[in-house]
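Notes for the structure review
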Amino acid sequence: QVQLVESGGGLVQAGGSLNLSCLASGVPFRTVNMGWFRQSLDDDRRELVADITPSGRTNIAEPVKGRFTVSRDNAKNTLFLHMASVDARDTATYYCNLRAPLLKSWGQGTQVTVSS
């Protein structure tokens, strides 16, 4: 019973910021690399935008480097994504998963829409 529940998305103006959260259950959260993925309406794949190790080391994909930060609260089995200086290219549905995704465990994601 793996559950990954994303929240925090919404409408945000270009240049603004927002915070996404992911509550994970049914996985050994404290011991796995976690990641944030996103998929635009006109894309057929989900791209990895940020990942984080159990100890907090992070990798940020080049398109969002310097603007997004990823963090985690192991005590709460929660993953976070702080999005800053967003632009229209960031419009997508955002998902959390293991960095090596469990393909049957994708949640519904949370929609982020950046308006100009």
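Structure shown above.
So, here's what we can say about the structure. A quick note: this is a predicted structure, and the numbers were derived from the prediction, not measured.

1. Some points on the pattern of salt bridges
Summed over the entire model, instances satisfying the criterion amount to six salt bridges. Salt-bridge contacts for D87 lead to R89; the nearest nitrogen and oxygen are separated by 3.0 Å. Using a relative accessible area of 65% as the deciding quantity, one classes R89 as exposed. Through salt bridges that share partners, R38, E47, R67 and D90 make up one connected network.

2. Notes on the state of the cysteines
Under the defined criterion, the tally for this structure stands at one disulfide. Bridging C22 to C96, the disulfide has an S-S length of 1.8 Å. Across the disulfide from C22 to C96, rotation about the S-S bond amounts to roughly 60°, and the bridge is consequently right-handed. Of this pair, C22 sits in strand β3 (residues 18–25) while C96 sits in strand β9 (residues 92–98), and the two are 74 residues apart along the sequence. Looking at C22, the relative accessible area reads 0%, which means it is buried. Residue C96 is classed as buried on the basis of its relative accessible area of 0%.

Parameters and conventions
- Residues numbered from 1 in each chain as written.
- Predicted model: local features only at pLDDT ≥ 70, side-chain atom pairs only at ≥ 80, totals over all residues.
- Heavy atoms only, no water.
- Salt bridge = Lys/Arg side-chain N within 4 Å of Asp/Glu carboxyl O.
- Buried < 20%, exposed > 50% of the residue type's maximum accessible area, 1.4 Å probe, protein only.
- Disulfide = S-S within 2.5 Å.
- Helix = DSSP H or I, 4+ residues; strand = E, 2+ residues; numbered from the N terminus.

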